[in-house]
Amino acid sequence: MESILKGKTVVVTGAGRGIGQAIASLCAQKGANIAVPFVGPYPTEAIEEFRGYGVKAEAYECDVADFAVTKTVCDKILEDFGTVDSLVNNAGITADKLILSMGESDFDKVIAVNLKGAFNMIKHLTRNFMRNGGAIVNISSVVGLMGNAGQANYSASKAGLIGLTKTVARELASRNVTCNAVAPGFIDTAMTAALTPAQQDAIKKQIPLGYIGKPDDVARAVVFFLENRYVSGEVIKVDGGMYI
Ligand code: NAD
């Protein structure tokens, strides 16, 4: 069966690597054109991978935490692609510290990228979505639901994303726009590779399925939301049963 994503345009923030790359790749395999706001080095390998599926794929330098920059980039994406059908707010950072040593800037920068970044992107694409309908998926985290020592900033940003998701779902439903969240547990990416083997073993003990997930596990949940037009305001955990 042909996917409804075929010929559509999907924006996936931070899709140059990790979970975002897996999400954009699965969308491209289903025939979607891909736009990638990114920071850091140009994501050559990822963009070439997406184009390899015969779709249009472009990357745009864009710090999602910057309101003005995201406006310029969203306008440019709309100009280049004609319209945007789906937005996946995947870009995210960590700056883990126990609350006693967490500084103001550690808190502010994580909230700015993870939470305000999603707001910025949604805000600048809302007028377009209100005209044509659309699907928004925010990448939250199980720690936004359960908390995690050392991640006051990160878990607050990810919990905030769930409130944002439910509000946007309510506000835009009458315009045929859905908004959902995916809350991954531990997924094998650069973010988790930074953990020591001892930390990884301790994590596996908390996961009933007994192993760390793959970016594709998250990508399949995101695509479920992008393809299913009758689900909105929902949060799916992709965590091997870590938070039941
Ligand atoms: P990653 O570090 O590999 O990828 C994050 C991406 O976001 C990178 O491409 C990075 O360049 C981009 N990014 C960072 N700051 C940005 C900014 N200001 N503007 C634009 N792009 C920016 O991490 P990942 O593991 O692939 O994580 C992807 C998402 O999944 C994040 O939101 C993360 O919080 C979430 N998540 C990851 C895990 C996990 O175990 N890996 C678990 C739960 C949630």
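First things first, this report covers the structure right here in the doc. (Residues numbered from 1 in each chain as written. Predicted model: local features only at pLDDT ≥ 70, side-chain atom pairs only at ≥ 80, totals over all residues. Heavy atoms only, no water.)

**Quick notes on the packing of helix H1 (residues 18-29) against helix H2 (residues 44-51)**
So, step 1. Running from N to C, H1 and H2 point in directions that differ by 20°, and their axes come no closer than 9 Å. In terms of axis orientation, H1 runs roughly parallel to H2. Like other packed secondary-structure pairs, H1 and H2 cross with a definite hand, here right-handed. Counting all contacts with H1, which are made through Gln21, Ala24, Ser25 and Ala28, the residues of H2 involved are Glu45, Ala46, Glu49 and Phe50.
So, step 2. The class makeup of the residues in the contact of H1 with H2 is four nonpolar, two polar and two charged. (Axes fitted to C-alpha atoms, helices over the stretch in contact; angles between N-to-C directions. Helix = DSSP H or I, 4+ residues; strand = E, 2+ residues; numbered from the N terminus. Parallel < 35°, antiparallel > 145°, perpendicular 65-115°, else oblique. Left-handed = near helix turned anticlockwise from the far one by under 90°. Contact = heavy atoms within 4.5 Å. Nonpolar A, V, L, I, M, F, W, Y, C, P; charged D, E, K, R; others polar.)

**A word on a nonpolar patch on the surface**
So, step 1. On the surface, a cluster of nonpolar side chains totalling about 230 Å² of accessible area is made up of Leu145, Met146 and Tyr243.
So, step 2. Structurally, tyrosine 243 can be placed in the segment after strand S7 (235-238).
So, step 3. What makes tyrosine 243 partly exposed here is its relative accessible area of 33%. (Patch = residues over 30% accessible without salt bridge, like charges linked within 9 Å, V, L, I, M, F, W, Y side chains within 5 Å. Areas by Shrake-Rupley, 256 points an atom, 1.4 Å probe, with all protein chains shown as cover. Salt bridge = Lys/Arg side-chain N within 4 Å of Asp/Glu carboxyl O. Buried < 20%, exposed > 50% of the residue type's maximum accessible area, 1.4 Å probe, protein only.)

**What to know about the site of the ligand**
So, step 1. Taken together, 25 residues surround the ligand, and among them Arg17, Asp63, Asn90, Tyr154 and Thr189 come closest.
So, step 2. Here glycine 185 contributes a backbone N or O atom positioned 3.4 Å from an oxygen atom of the ligand.
So, step 3. Burial of the ligand by the surrounding chains reaches 93%, relative to a free accessible area of 830 Å².
So, step 4. Residue assignment for the shell around the ligand shows that the elements contributing at least two residues are H1, helix H6 (152-172) and helix H7 (190-193). (Near = heavy atom within 4 Å. Polar contact = N/O pair within 3.5 Å; in protein donor to acceptor, adjacent residues only side chain to side chain.)

**What to know about the pattern of salt bridges**
So, step 1. Going through the model one piece at a time under the given rule, you end up with seven salt bridges.
So, step 2. With a closest N to O distance of 2.8 Å, aspartate 75 and lysine 71 form a salt bridge. Here the residue aspartate 75 and the residue lysine 71 both occupy positions in helix H3 (residues 67-81), the gap between them amounting to four residues, near one helical turn.
So, step 3. Residue arginine 220 pairs with aspartate 217 through a salt bridge whose shortest N-O separation is 2.9 Å. Taken as a pair, arginine 220 and aspartate 217 lie in helix H9 (residues 215-227) at a separation of three residues, close to a single helical turn.
So, step 4. You can call aspartate 217 partly exposed: its relative accessible area is 28%.

**Focus: H9**
So, step 1. Given a rise of 1.5 Å per residue, 13 residues ought to cover 18 Å, and the 18 Å separating the end C-alpha atoms of H9 matches this to within 8%.
So, step 2. Along H9, the positions that sit buried rather than exposed are Pro215, Val218, Ala219, Ala221, Val222, Val223, Phe225 and Leu226.
So, step 3. The secondary structure elements touched by the buried residues of H9 are strand S1 (9-12), H1, strand S4 (86-89), strand S5 (134-139), strand S6 (177-184) and S7. (Expected span 1.5 Å × (residues − 1).)

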